[in-house]
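This is what each chain is made of:
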Amino acid sequence: MRVLIGSLCLAVGMTINVATAPAASLGLFGTVEFKAESLAALPQWRRVLQGIAAEEPTYRACAADPRACPGRSAMAWRALLDGLDGAPRMEQIRAVNRFVNQWRYKSDQENFGKSDHWQTPLEFFARSGDCEDYAIAKYVSLRQLGVPPSAMRMVVLQDTIRDVAHAVLAVEADDDIWILDNLTNAVLPHTRLAHYAPYYSVNEQARWAHVSRSSTLVTAIDPRILRGDRPGAQR
């Protein structure tokens, strides 16, 4: 299998022997991971992080006074977070997954008239969205509950059963990695989801390219995926 890593960890046309690459480690979904500290290759993610930072004062105001929440959906979100404050981590993870999954799936074409647009939580709660928007809303929800960014990643992957691109949230807890997916309220360990083949994962601190352990060479994955674009349908 050949994957294009682009600027994530190598230049186009270069090859890496996965077995000997020093930056590689075994990680999500049993893949070999290549970590990079810079988020420069992911403009969609950088833009949404800026949007989340701009929303932080609203999150604080909403927490202090429900009347300051921008709508009933945001008020319900805040009530959920208040109710989960101090709860066991797995209870928080499962409750956040269930809560966010209540929103009806809505494509970016339907929402914005274009193929791909990543939303902040308040944007998502106002109009719903698609798979990466669910993952982002869950990421910020858990961060608000005290889960460190280093314990979470949004994962862009291929669902090999449905043959579509997809996005989920991966969270470390109780000595395992758990997957929060808009397709199900069940929160499962990543090792139970063999049909998910990740392209890349990201949090506020770093990004990772993923390569199957059966691969021996890495040359090229579609660079649109590494930019946060969407070459094919997602859900």
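A brief structural summary. (Residues numbered from 1 in each chain as written. Predicted model: local features only at pLDDT ≥ 70, side-chain atom pairs only at ≥ 80, totals over all residues. Heavy atoms only, no water.)

1. Focus: the overall build of the protein chain
Secondary structure assignment for the protein chain yields seven helices and ten strands. Counting only residues that meet the buried cut, the protein chain has 54% of its 235 residues in that class. Excluding contacts between residues fewer than 6 apart, the proportion of contacts in the protein chain whose partners are at least 24 apart in sequence is 65%. In the form shown here, the protein chain has an accessible surface area of approximately 10,400 Å², with 51% of it arising from carbon and sulfur atoms. (Helix = DSSP H or I, 4+ residues; strand = E, 2+ residues; numbered from the N terminus. Buried < 20%, exposed > 50% of the residue type's maximum accessible area, 1.4 Å probe, protein only. Contact = heavy atoms within 4.5 Å. Areas by Shrake-Rupley, 256 points an atom, 1.4 Å probe, with all protein chains shown as cover.)

2. A look at the packing of helix 1 (residues 43-64) against helix 2 (residues 72-84)
The packing of two helices is summarised by the inter-axis angle and the distance between the axes. Orientation of helix 1 relative to helix 2, taken along the N-to-C sense of each, is 70°, at an axis distance of 10 Å. Overall, the two elements helix 1 and helix 2 adopt an arrangement that is roughly perpendicular. On helix 2, the residues that touch Tyr 59, Cys 62 and Ala 63 of helix 1 are Ala 74, Trp 77 and Arg 78. Each residue belonging to the contact of helix 1 with helix 2 can be placed in one class, and the counts come to five nonpolar, no polar and one charged. (Axes fitted to C-alpha atoms, helices over the stretch in contact; angles between N-to-C directions. Parallel < 35°, antiparallel > 145°, perpendicular 65-115°, else oblique. Nonpolar A, V, L, I, M, F, W, Y, C, P; charged D, E, K, R; others polar.)

3. Some thoughts on the state of the cysteines
The tally for this structure, following the rule as stated, stands at one disulfide. In this model Cys 62 forms its disulfide with Cys 69; the gap between the sulfur atoms is 1.7 Å. Its S-S torsion of about 85° marks the bond between Cys 62 and Cys 69 as right-handed, since a negative value means left-handed. Each member of the pair, Cys 62 as well as Cys 69, is classed as buried. (Disulfide = S-S within 2.5 Å.)

4. Observations concerning the pairing of strand 7 (residues 184-189)
Note on strand geometry: in a regular strand, side chains alternate between the two faces of the sheet. Examined bridge by bridge, strand 6 (residues 176-181) and strand 7 share three bridges and lie antiparallel to one another. Bridge pairing links Asp 181 to Thr 184 in strand 7. (Pairing = 2+ DSSP bridges.)

5. A word on unusual backbone geometry
A positive phi angle is found at Phe 29, which is not glycine, with a value near 55°. Turning to its location among the elements, Phe 29 is positioned in the loop between strand 2 (24-26) and strand 3 (32-36). With a phi angle near 55°, Asp 163 is a residue other than glycine that sits in the positive phi range.

6. Concerning helix 3 (residues 89-100)
Under the 1.5 Å per step criterion, the end-to-end length of helix 3 is 17 Å for twelve residues, consistent within 8% with the ideal 16 Å. Within helix 3 the residues assigned to the buried category are Met 90, Gln 92, Ile 93, Ala 95, Val 96, Asn 97, Phe 99 and Val 100. For helix 3, the elements touching its buried residues are helix 2, helix 5 (121-127), helix 6 (131-144), strand 5 (164-173), strand 6 and strand 7. (Expected span 1.5 Å × (residues − 1).)

7. Regarding the environment of Ala 64
Tracing the chain through its elements places Ala 64 in helix 1. Along the chain, Ala 64 and Arg 78 lie 14 residues apart, while their C-alpha atoms are 9.8 Å from each other.

By themselves, these are just geometric observations and shouldn't be taken as functional.
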